[in-house]
Amino acid sequence: MAKRILITGAAGFLGSHLCDRFIKDGYDVIAMDNLITGDVKNIQHLFKLDNFEFFHHDITKFIHVPGQLDYILHFASPASPIDYLKIPIQTLKVGSVGTLHCLGLAKEKNARILIASTSEVYGDPQVHPQSEEYYGNVNTIGPRGVYDEAKRFQESITMAYHRFHGLETRIARIFNTYGPRMRLNDGRVIPAFIGQALRGEDLTIFGDGLQTRSFCFVDDQIEGIHRLLLSDYSDPVNIGNPDEITIKDFAQEILMLTGTNQKIVYQRLPEDDPLKRQPDISRAKKVLGWEPKISRSQGMKITYDYFKNLSPEELEKSEHKDFSNHIRR
Ligand code: UDP
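Throughout what follows, the structure given in this document is the object of discussion. (Residues numbered from 1 in each chain as written. Predicted model: local features only at pLDDT ≥ 70, side-chain atom pairs only at ≥ 80, totals over all residues. Heavy atoms only, no water.)

Across the sheet, which stays open at both edges, the seven strands sit in the order β3-β2-β1-β4-β5-β6-β11 with parallel pairing between neighbours. Two strands in the sheet have a free side with no partner beyond their single neighbour: β3 (52-56) and β11 (237-239). Each strand axis lies, on average, 20° off the axis of its neighbour in the sheet, ignoring direction. Relative to strand β2 (residues 28-33), strand β1 (residues 4-8) runs parallel, the two being bridged by five bridges. Residue pairing across strands places I5 opposite V29, the latter belonging to β2. Docked against the sheet, helix α3 (residues 88-109) engages β1, β4 (71-74) and β5 (112-118), running at close to 175° with respect to β4. (Pairing = 2+ DSSP bridges. Helix = DSSP H or I, 4+ residues; strand = E, 2+ residues; numbered from the N terminus. Axes fitted to C-alpha atoms, helices over the stretch in contact; angles between N-to-C directions. Contact = heavy atoms within 4.5 Å.)

Before going further, it helps to examine the pattern of salt bridges. According to the stated counting rule, one finds 25 salt bridges in the structure shown. In this structure, the salt-bridge partner of D83 is R183, at a minimum N-O distance of 2.9 Å. Linking D83 in helix α2 (residues 81-86) with R183 in the loop between β7 (177-178) and α5 (189-199), this pair joins segments that are 100 residues apart in sequence. R183 gets classed as partly exposed once you look at its relative accessible area, which sits at 25%. Linking R277 and E120 is a salt bridge whose minimum nitrogen-to-oxygen distance equals 2.7 Å. In this pair, R277 is assigned in the loop between β13 (264-267) and α8 (282-288) and E120 in the loop between β5 and α4 (145-165), connecting sequence segments 157 residues apart. E120 matches R277 in its accessibility class, with the two residues each being buried. Overlapping salt bridges, with partners in common, bring together E120, R144, R213, D273 and R277 in one network. (Salt bridge = Lys/Arg side-chain N within 4 Å of Asp/Glu carboxyl O. Buried < 20%, exposed > 50% of the residue type's maximum accessible area, 1.4 Å probe, protein only.)

Assessed through its relative accessible area of 4%, E120 is described here as buried. Separated by 2.7 Å, the side chains of E120 and R277 make a polar contact. (Polar contact = N/O pair within 3.5 Å; in protein donor to acceptor, adjacent residues only side chain to side chain.)

Of the pockets and cavities examined, the second largest pocket occupies roughly 200 Å³. What lines the second largest pocket is V121, Y122, E132, E133, Y134, Y135, G136, R152, E155, S156, R173 and R283. Counting residues per element, the lining of the second largest pocket draws most heavily on α4, at three residues. Here the residues of the lining of the second largest pocket are counted per class, giving four nonpolar, two polar and six charged. (1 Å grid on protein atoms, 1.4 Å probe; cavity = no way out; pocket = protein on both sides within 12 Å on 5 of 7 lines; lining within 4 Å. Points joined across faces, edges and corners; volume = space filled by probe spheres on them. Nonpolar A, V, L, I, M, F, W, Y, C, P; charged D, E, K, R; others polar.)

Here we come to the site of the ligand. Residues in contact with the ligand amount to 20 residues; listed here are only the nearest, T204, F206, R213, D273 and R277. In the environment of the ligand, an oxygen atom lies 2.8 Å from a nitrogen or oxygen atom belonging to the backbone of V189. In this structure, an oxygen atom belonging to the ligand sits 3.0 Å away from a side-chain N or O atom of Q211. In the complex, 99% of the free accessible area of the ligand, which totals 530 Å², lies under the protein chains. Elements with a minimum of two residues in the shell around the ligand: α5 and β8 (203-206). Partitioning the shell around the ligand into residue classes produces eight nonpolar, five polar and seven charged. (Near = heavy atom within 4 Å. Areas by Shrake-Rupley, 256 points an atom, 1.4 Å probe, with all protein chains shown as cover.)

The next point concerns the packing of α5 against helix α7 (residues 247-258). Across the interface, α5 lies against α7 with an axial gap of 10 Å and an inter-helix angle of 40°. One way to sum up the angle between α5 and α7 is to call them oblique. Pair α5 / α7 crosses with right-handed handedness. Of the residues in α7, those touching α5 at V189, I190, F193, I194 and A197 are I247, F250, A251, I254 and T258. Split into classes, the residues belonging to the contact of α5 with α7 amount to nine nonpolar, one polar and no charged. (Parallel < 35°, antiparallel > 145°, perpendicular 65-115°, else oblique. Left-handed = near helix turned anticlockwise from the far one by under 90°.)

Moving on, we come to the state of the cysteines. On inspection of all chains with the given rule, the structure shows zero disulfides. For the unlinked cysteine C19, the closest cysteine sulfur is that of C102, found at 14 Å. (Disulfide = S-S within 2.5 Å.)

Most of α5 sits out of view: eight of its 11 residues are buried. Burial in α5 covers these residues: I190, P191, A192, F193, I194, G195, Q196 and A197. Tucked into the core, α5 has its buried residues touching β7, β8, α7 and α9 (296-308). Positive backbone phi, at 75°, marks G200, one or two positions downstream of α5.

Looking now at α4. The first and last C-alpha atoms of α4 sit 29 Å apart over 21 residues, in line with the 30 Å expected at 1.5 Å per residue. Among the residues of α4, those classed as buried are G145, V146, Y147, D148, A150, K151, Q154, E155, I157, T158, M159 and Y161. (Expected span 1.5 Å × (residues − 1).)

Limitation: the analysis is restricted to geometry and does not speak to function.
This is the structure we're talking about:
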């Protein structure tokens, strides 16, 4: 009999790619999303399949899924700085109450659960690159605190269910990931720069652009998550691409890729924006035999082609994030 998997946040960027992957592997997929930041168009191609079901549900309310469940992938959460600023309470609730409901459901069904954690648990890191042993440097009361602390709580409660109830749990610490189906208006740097290039606007760099990020292409990320779910490893595992670049150099790469000659303009750095970020993936290599395979130039080409083919209306829907109330003073 096919294995049944519940995916929360299924209409989001990573959630929808996970739906595709598990459908391809022959699972019965139960997709759940409240559609606050997710979009049905990311999964509507699956609606016609017999082994795919969609529940429009907010997991901060009790979750009811009839029948057996083998796995749960908990990916429901706003995941970009602009979203946490707009919907801070929902961000906290889905990471805490939503996670509690997912764990309760996993226990009830005797299912293995993988939760989507994040490099944000390391905050503005004082250790570089970040390995899983690092405890992090998070400002609990800053604008990003709602996401960071919800995710830290999520890891704690997941380990508590693992230790106290013997639940099979997996924790993926996901670093910046990009690819098709990112929301053009989520304010993240890749859709922001590509959207600006396509609309002929200036590229906005926050701060001096010397902050770094390390971008992982979505297909690599999904493969890492898949391997972690099927592994027997219950401590957190970083999944990301260690290829680090400054935002300033990245803006230049975007100009080359899009063949545009827009100006670069500088705006103030949002509060608590981490200065450096690079995953140490030694654990993922050792435990999962995984490392990313797709270079930034390959991945960015695929991503640019996706955004280039969006309709002009979709391109216009993009809005630029306004951090004016949250700038470092
Ligand atoms: N960033 C930028 N211009 C933009 C959007 C983002 O310079 O239009 C910067 C942002 O300040 C951060 C980096 O790009 O230093 C990555 O931002 P993103 O929101 O993609 O991810 P996160 O900060 O969560 O890693």
